[in-house]
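Report on the structure
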Amino acid sequence: MRAMRAAPGKGNDMTRVGIIGCGYISRFHSEGYERAGAKIVHACDLRKEAAEAVGSRYSARVSTDYRAVIEDRDVDLVSVCTIASTHKEICLAAMACGKGVVCEKTLTDNAADSAELVRASRQTKAFLSVAYMKNYFPAVVQAKQMLAEMGDVTSIYVRTWHFHPQLWQSPAPEDVLQHPSRIVRNYGGGMLVCGGSHVLNLLCGFAGRPTKVIGAMQSRPGMDFDIQTNAMLWLPAGGVAHFEAFWHPFSAIGYERNGWDERIEINTAKGRLELYTVLWNGSENHGVLLVHTDAETGRVTEYRFPAVNVFDLEMAGMIEAFEGGGPATPSVADGYVVDELIEHITSSHKQGGKGLPVTYRVQ
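Heads up: these notes are all about the structure in this document. (Residues numbered from 1 in each chain as written. Predicted model: local features only at pLDDT ≥ 70, side-chain atom pairs only at ≥ 80, totals over all residues. Heavy atoms only, no water.)

Re the packing of helix α1 (residues 26-35) against helix α9 (residues 310-324)
Using the following cut-off: Working convention: axes come from line fits to C-alpha atoms, limited for helices to the stretch in contact. Angles between N-to-C directions cover 0 to 180 degrees. Put simply, DSSP marks the helices as runs of H or I at least four residues long and the strands as runs of E at least two long, and each gets a number from the N terminus on. Helix crossings fall into two classes, left-handed where the near helix is turned counterclockwise from the far one by less than a right angle and right-handed where it is turned clockwise. Only heavy atoms matter for contacts: two residues are in contact if any of them lie within 4.5 Å across the pair. Residue type decides the class: Asp, Glu, Lys and Arg count as charged, Ala, Val, Leu, Ile, Met, Phe, Trp, Tyr, Cys and Pro as nonpolar, and the leftover types, Gly among them, as polar.
At a minimum axis separation of 8 Å, α1 and α9 run at an interaxial angle of 60 degrees. The element α1 and its partner α9 pack so that their crossing is right-handed. Mapping the contact onto sequence places F28, H29, E31, G32, Y33 and R35 in α1 and F311, D312, M315 and I319 in α9. Within the contact of α1 with α9, the residues separate by chemical class into five nonpolar, two polar and three charged.

Regarding the sheet that holds strand β12 (residues 271-276)
Stated precisely, the cut-off is as follows: Two strands make a pair as long as DSSP finds a minimum of two bridges between them.
Strand order in this open sheet of nine strands is β14-β13-β12-β11-β7-β10-β9-β8-β15, and the pairing throughout is mixed. Here the strands that pair on one side only, and so sit at the sheet edges, are β14 (300-304) and β15 (356-357). Strand contacts of helix α10 (residues 332-350): β8 (212-218), β9 (228-234) and β15, with the helix running at about 65 degrees to β8, the strand carrying the most contacts.

So, the packing of helix α8 (residues 191-207) against α10
Under the convention used in this document: By the definition adopted for this analysis, an angle is roughly parallel if under 35 degrees, roughly antiparallel if over 145, roughly perpendicular if from 65 to 115, and oblique otherwise.
The interhelical angle for the contact between α8 and α10, taken along N-to-C directions, is 120 degrees, at an axis separation of 9 Å. On the basis of the axis angle, α8 is oblique to α10. In the crossing of α8 with α10, the sense of the turn from one axis to the other is right-handed. Along its contact with α8, which presents L192, V193, S197, L200, N201 and C204, the element α10 presents D334, V337, V338, L341, I342, I345 and T346. Residue classes in the contact of α8 with α10 are distributed as nine nonpolar, three polar and one charged.

Description of the side chain of T268
Applicable threshold: N or O atoms within 3.5 Å of each other form a polar contact, as long as, within protein, one can give a hydrogen and the other can take it, and as long as residues adjacent in sequence are counted only when both atoms are side-chain atoms.
Tracing the backbone through its elements, the reader meets T268 in strand β11 (residues 261-268). Separated by 3.0 Å, the side chain of T268 and the backbone nitrogen of K270 make a polar contact. The contact partners of T268, leaving out residues within four places of it in the chain, are L147, M150, G151, D152, V153 and T154.

Concerning the pattern of salt bridges
To be explicit about the condition: Criterion for a salt bridge: a side-chain nitrogen of Lys or Arg within 4 Å of a carboxyl oxygen of Asp or Glu.
Counted by the stated rule, this structure contains 23 salt bridges. The salt bridge partner of E31 is R57, with a shortest N-O separation of 3.2 Å. Of this pair, E31 sits in helix α1 while R57 sits in helix α2 (residues 48-58), and the two are 26 residues apart along the sequence. For the salt bridge of D261 with R159, the shortest nitrogen-to-oxygen distance reads 3.0 Å. Of this pair, D261 sits in strand β11 while R159 sits in strand β7 (residues 153-163), placing them 102 residues apart in sequence.

A look at unusual backbone geometry
Inclusion rule: For the exposure calls, accessible area comes from a 1.4 Å probe over protein chains only, and a residue counts as buried if that area is under 20% of its type's maximum, exposed if over 50%, partly exposed in between.
The omega torsion across K105 and T106 is -10 degrees, close enough to zero to call that bond cis. Within the secondary structure, T106 is located in the loop between β5 (100-104) and α5 (111-124). Residue P180 is reached from H179 by a cis peptide bond, and omega for that bond is 0 degrees. With respect to the helices and strands, the residue P180 is situated in the loop between β7 and α7 (182-187). The phi dihedral of S59 falls on the positive side, at around 55 degrees, and the residue is not glycine. Checked against the element boundaries, S59 lands in the loop between α2 and β3 (61-63). Classification of S59 by relative accessible area gives exposed; the value is 66%. Positive phi is not limited to glycine here, since K125 has a value of about 60 degrees. Among the secondary structure elements, K125 is positioned in the loop between α5 and β6 (128-131).

Comments concerning the environment of D74
Inspection of the secondary structure puts D74 in the loop between α3 (66-70) and β4 (77-80). For D74, a relative accessible area of 34% gives the class partly exposed. For the pair formed by D74 and V17, sequence separation is 57 residues and the distance between their alpha carbons is 8.5 Å. Setting aside chain neighbours within four positions, we find D74 in contact with R16, V41 and R61.

Let's talk about the nonpolar core
Worth spelling out the cut-off: Side-chain atoms within 4.5 Å link the members of a nonpolar core, which is a set of buried Ala, Val, Leu, Ile, Met, Phe, Trp, Tyr and Cys residues.
Grouped together as the largest cluster of nonpolar side chains are 112 residues, with contacts concentrated most on Y33, I156, F206 and L233. With eleven residues, the single largest contributor to this core is α8.

In structure tokens, the structure reads:
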């Protein structure tokens, strides 16, 4: 294994970033890094034209093989924005070359591979974070701080509904009826993976790792992915989480009345917190709402946060942690836990909704 290059410290050279995978999500990474003061020095995509588009914007080198990025001595940190089935190979290779890694969610497309990445990062002491950006909403940060004083969680209701009317067309679009469908090829799964993974990550951050799950998944005839997943998850302190992820056809529902309907309700013996999030790729338009109800006094307090670009906050946080040698947030272990829960929920569904204890391969 190559010696790990020391991360730039404050006052020294800026962190130099390589982008691996130049599709839609990579824009949020690269723009966030630039605004955080990092420099994009290498862009890579199997489609040369996609890599060149990013490369020309940042005057960065361009390649079509990820190995060119991780072997580039001018690259300190890489963002892996490829499909989940390629994450394990790229992350392992990047860590072996001494690079820090920010991996787009989900960590991999199966729990065993994700557990392997946890072990590898611990062995190499590499910086490896998973891009669950919602952790960086100021409302989420405050909710976690408040929960530390509110006692054990007794119940959580987690709802993430995303507007996707194309899936409700009759007949459905041809590309979602092929096997494997475009959605499975690109994302490794349906709504549970694409949208549910984010709120599973938040759920664990609020209440710890679930100990048991029951899952049920629904689709439309001919589709090879879920459009709706429901689950119950038993929490380590004895409470229960109720989870629903749904691709729906309603254009005007939710906090912003734009079809994005994501709400998290957290209950303890001392009170209740409610989070109302905003459209994932338009967070700069509206602020997230946090509502606190005090059980003893009955007082209800609304915390209305200003609109922020949460990806900018995320990438600034990644750079700060990387340069400071601090822990990655979310950690690679956080990413693994989500993949383990996805696997258990799916397995429970396949077994007719059987309750399954969750066995974690790494702690």
